[in-house]
Amino acid sequence: MSVFDRLIVTTLPLVPKFIVGKVASRYVAGETLDTATAAIRALNAEGSSCTVDVLGEEIAERTAADAAVQQYLELLERLRREQLDTGVSVKPTQLGLGLDEDFCRENCDRLMEKAAEQGCFLRLDMEDRHATDGTIRIYQHLHERYGSGVGIVFQAYMRRTLQDIAELPKEGVNVRLCKGIYIEPREVAWKLYESVRANYLAALEKLFRQGVFVGIATHDEYLLCGAVALIDRLGVPKEQYEFQMLLGVEETLRRILVAEGHPMRVYVPFGADWYAYSIRRLRENPKIAGHVARAFLSRG
Ligand code: FDA
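Residues numbered from 1 in each chain as written. Predicted model: local features only at pLDDT ≥ 70, side-chain atom pairs only at ≥ 80, totals over all residues. Heavy atoms only, no water.

**As for helix 4 (residues 62–82)**
Okay, so step 1: For helix 4, built from 21 residues, the straight-helix expectation of 30 Å at 1.5 Å per residue is met to within 8% by its first-to-last C-alpha distance of 30 Å.
Okay, so step 2: Among the residues of helix 4, Ala-65, Ala-68, Val-69, Tyr-72, Leu-73, Leu-75, Leu-76, Arg-78 and Leu-79 are the ones counted as buried.
Okay, so step 3: Buried residues along helix 4 sit against helix 3 (33–45), strand 1 (49–54), strand 2 (86–90), helix 5 (101–117) and strand 8 (264–270).
Okay, so step 4: Looking at the residues trailing helix 4, positive phi occurs at Gln-83, about 55 degrees. (Helix = DSSP H or I, 4+ residues; strand = E, 2+ residues; numbered from the N terminus. Expected span 1.5 Å × (residues − 1). Buried < 20%, exposed > 50% of the residue type's maximum accessible area, 1.4 Å probe, protein only. Contact = heavy atoms within 4.5 Å.)

**So, the environment of Ala-276**
Okay, so step 1: By the element assignment, Ala-276 lies in helix 11 (residues 274–284).
Okay, so step 2: Using a relative accessible area of 29% as the deciding quantity, one classes Ala-276 as partly exposed.
Okay, so step 3: As for Ala-276 and Ala-68, which are separated by 208 residues in sequence, their C-alpha atoms are 16 Å apart.

**Quick word on the nonpolar core**
Okay, so step 1: Counting residues in each nonpolar core, the largest one holds 73 residues, and the members touching the most others are Val-88, Leu-168, Leu-204, Phe-208, Ile-216 and Phe-243.
Okay, so step 2: Apart from residues lying up to four places away in sequence, Phe-208 is in contact with Val-214, Ile-216, Leu-230, Ile-231, Leu-234, Val-236, Gln-240 and Tyr-241.
Okay, so step 3: Counting residues in each nonpolar core, the second largest holds 20 residues, with Tyr-27, Val-28, Leu-246 and Val-249 among its members. (Core = buried A, V, L, I, M, F, W, Y, C linked by side-chain atoms within 4.5 Å.)

**Description of the site of the ligand**
Okay, so step 1: The ligand sits among 26 residues. The nearest are Gly-180, Tyr-193, Thr-218, Glu-250 and Glu-284.
Okay, so step 2: A distance of 2.9 Å separates an oxygen atom of the ligand from a polar atom in the side chain of Gln-155.
Okay, so step 3: At 2.9 Å, a backbone N or O of Arg-281 approaches a nitrogen atom of the ligand.
Okay, so step 4: Burial of the ligand by the protein chains amounts to 88% of its free accessible area of 930 Å².
Okay, so step 5: Cavity membership is defined here by more than half of the atoms lying within 2 Å of grid points; on that basis the ligand lies in the largest pocket. (Near = heavy atom within 4 Å. Polar contact = N/O pair within 3.5 Å; in protein donor to acceptor, adjacent residues only side chain to side chain. Areas by Shrake-Rupley, 256 points an atom, 1.4 Å probe, with all protein chains shown as cover. 1 Å grid on protein atoms, 1.4 Å probe; cavity = no way out; pocket = protein on both sides within 12 Å on 5 of 7 lines; lining within 4 Å. Sits in = over half its atoms within 2 Å of the grid points.)

Below, the structure written as structure tokens:
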């Protein structure tokens, strides 16, 4: 990232919201069920499956978690009617994990019951280190009831990840492996770019050897190359993996992998709470300064 790009990243909170919205629109499938389902349909037509996320961050009150559950139930009902090739992804803190784990588990149960009824896969996203243990416990609870209908995420930057993988249940496990997006201290996380890559490939190999289904969630060409080599070396069948990418990121690379015959799933976030998610994505865009400058120049 250039000095100018880094400067824009640090001053992002000062950038007017409409400019952020303009630059970030590629990362978000609009604010409504209509815009989200249209995006999913287009991706399905291109040969990619999807996972859809109702945007929202950690909630502070139970009523906000109830509202999030309601939004997810409406989403599931819409997906049932439209027969799209998509699962759903959900953030446990959006369902109350930070308030009360039992309350969050009950909310997850409500969603899972509806998802399972219509054969829709549900994944618990992984958030910062304060949510890791609770998320794993809720995953174990759901996995006991719903088996392979539910999945979890592990982050390659976490020092604990190899151990967490070793403790996974033996059957019907579905893991998304990503680098990790939150800013964590050195005590719990690998901090060097190369260390995270090394841990990613070590975790991926361990998951494959344990027979786990893996969603290989990265846009890092080095890791994609390493994953393809590992799939080849271990003879991993297509039923045991898929690549996963975020909407609007590295679309050329995504299409190349699909054309090569690899299963692909795109993470499709939508909803009124697009701002915090968009800021996270913009911070990861190595060409952010150019995008922000263009949006400024074409405003109005
Ligand atoms: P890296 O950030 O090094 O990016 C590699 C290359 O991809 C960059 O050099 C650039 O070319 C391109 N790129 C990446 N981001 C870009 C952007 N925003 N705009 C333009 N180009 C970009 N994290 C988490 O903590 N919990 C979770 O549950 C999830 N879930 C999740 C699902 C899916 C499907 C994906 C792909 C990712 C996540 N993540 C996540 C986010 C993940 O942890 C990580 O922050 C991002 O994927 C970026 O890391 P990469 O592996 O892509 O590498």
